[in-house]
Amino acid sequence: SQTIHQWPATLVQPVGSPLSLECTVEGTSNPNLYWYRQAAGRGLQLLFYSVGIGQISSEVPQNLSASRPQDRQFILSSKKLLLSDSGFYLCAWSVKGPSTDTQYFGPGTRLTVL
Amino acid sequence: LAKTTQPISMDSYEGQEVNITCSHNNIATNDYITWYQQFPSQGPRFIIQGYKTKVTNEVASLFIPADRKSSTLSLPRVSLSDTAVYYCLVGDMLERSAGGTSYGKLTFGQGTILTVHP
């Protein structure tokens with residue numbers, strides 16, 4: 001069966017510090033991968049998606065970036081965090097093909113920027 | 001993606017049936033209706049998806065009228081553990097990248113906060 005991992009589970013970082021969140025998927029090959037952010041009391045906002053290694057598309061201009069160095073690894077980064085980067089970050093994956101609409105989410109990373 | 005409107009919050013009691021209605025007046029011909037459930041500090045979880053009429057699985061039922069401008073998620077005999085946020089999504093959710101590969105593009109609104117009381 002497929003599983004998706006994210007780490008760390010929680011993170012407290014000072015403003016201006018760098019960020020690296022990692023997501024890995026097991027049990028599937030060549031998945032679509034996604035990064036979402038959820039601010040407190042709000043819905044999810046799609047940040048990045050990737051259809052393959054090295055292929056990243058951004059949905060929202062910001063100081064975050066994403067990379068996909070391996071088929072089942074997706075990384076979210078920042079060089080300098082802002083207060084507004086605080087939130088709950090979720091990684092998700094989906095299969096390719098006619099039914100790519102069902103996405104499977106990881107456990108998330110709670111980021112607090114102070 | 002079609003815009004959706006759903007109640008901000010609902011309250012229920014254990015053992016009752018809960019119906020959450022979602023309005024999507026601008027739904028397109030190719031659009032599907034999908035519901036996700038999210039518990040606090042967890043990622044959303046797929047519940048059910050449908051195109052028209054009625055769909056039922058082991059968790060819920062989804063009722064879609066003929067005009068498809070709304071849909072109702074029905075949760076039978078809720079328990080305390082059903083307390084969560086429920087999201088209604090509408091869209092074919094299939095986009096094409098420059099290379100022709102399809103990917104899903106979900107847009108989550110604020111959802112409906114369902115609170116089940118003892």
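Residues numbered from 1 in each chain as written. Chains lettered and ligands numbered in written order. Predicted model: local features only at pLDDT ≥ 70, side-chain atom pairs only at ≥ 80, totals over all residues. Heavy atoms only, no water.

## Some words on the overall build of chain A
Tallying secondary structure elements over chain A gives 0 helices and 11 strands in all. Counting from the amino terminus, helix and strand elements in chain A follow one another as β-β-β-β-β-β-β-β-β-β-β. Counting every position in chain A, which comprises 114 residues, the buried fraction comes to 48%. Pairs at least 24 residues apart make up 55% of the contacts formed inside chain A by residues separated by at least 6 positions. (Helix = DSSP H or I, 4+ residues; strand = E, 2+ residues; numbered from the N terminus. Buried < 20%, exposed > 50% of the residue type's maximum accessible area, 1.4 Å probe, protein only. Contact = heavy atoms within 4.5 Å.)

## So, the sheet that holds strand 1 (residues 9-13) of chain B
All names here are of chain B. Strand order across the open sheet formed by 5 strands is 1-11-8-3-4, with mixed pairing between neighbours. Every interior strand has two partners, whereas the edge strands, strand 1 and strand 4 (45-50), have only one. Adjacent strand axes in the sheet meet at a mean angle of 25 degrees when their direction is disregarded. (Pairing = 2+ DSSP bridges. Axes fitted to C-alpha atoms, helices over the stretch in contact; angles between N-to-C directions.)

## Re the sheet that holds strand 6 (residues 61-64) of chain B
What links the strands of a sheet is backbone hydrogen bonding, and the strands pair in either a parallel or an antiparallel sense. Residues and elements named next belong to chain B. Read from one edge of the open sheet, 4 strands run 2-7-6-5, paired in antiparallel fashion. The sheet is open, and its two borders are formed by strand 2 (18-23) and strand 5 (53-56), each paired with just one other strand. Across the sheet, the mean angle separating the axes of adjacent strands is 15 degrees when strand polarity is ignored.

## Re unusual backbone geometry
Note that the residue after Trp7 of chain A, namely Pro8 of chain A, is joined by a cis bond; omega there is 0 degrees. Residue placement: Pro8 of chain A occurs in the loop between strand 1 (3-7) and strand 2 (10-13). Look at Asn30 of chain A: it is not a glycine, yet its phi comes out positive at around 55 degrees. Judged by relative accessible area, which is 40%, Asn30 of chain A ranks as partly exposed. The residue Ser41 of chain B is not glycine, and still its phi comes out positive at about 60 degrees.

## Focus on the pairing of strand 11 (residues 112-117) of chain B
Note on strand geometry: in a regular strand, side chains alternate between the two faces of the sheet. Residues and elements named next belong to chain B. In strand 11, alternate side chains face the same way, and those of Thr112, Leu114 and Val116 are buried while those of Ile113, Thr115 and His117 on the opposite face are not. Bridge analysis of strand 8 (residues 84-91) against strand 11 gives 3 bridges, and the strand direction is antiparallel. Bridged to Ala84 within strand 11 is Leu114.

## Considering the state of the cysteines
A full pass over the atoms with the stated rule returns 2 disulfides over all chains. Paired by a disulfide, Cys23 of chain A and Cys91 of chain A hold their sulfur atoms 2.0 Å apart. As the torsion about the S-S bond is roughly -75 degrees, the Cys23 of chain A-Cys91 of chain A disulfide counts as left-handed. Here the residue Cys23 of chain A occupies a position in strand 3 (residues 19-26), and Cys91 of chain A occupies one in strand 9 (residues 87-94), the gap between them amounting to 68 residues. Accessibility expressed as a relative area gives 0% for Cys91 of chain A, which makes it buried. Put simply, Cys22 of chain B and Cys88 of chain B are joined by a disulfide, and their sulfur atoms are 2.2 Å apart. What sets the handedness of the Cys22 of chain B and Cys88 of chain B disulfide is the S-S torsion sign, and at about -80 degrees it is left-handed. Taken as a pair, Cys22 of chain B in strand 2 and Cys88 of chain B in strand 8 lie far apart in primary sequence, 66 residues in all. Of the two residues examined, Cys22 of chain B and Cys88 of chain B, each falls in the buried class. (Disulfide = S-S within 2.5 Å.)

Limitation: the analysis is restricted to geometry and does not speak to function.
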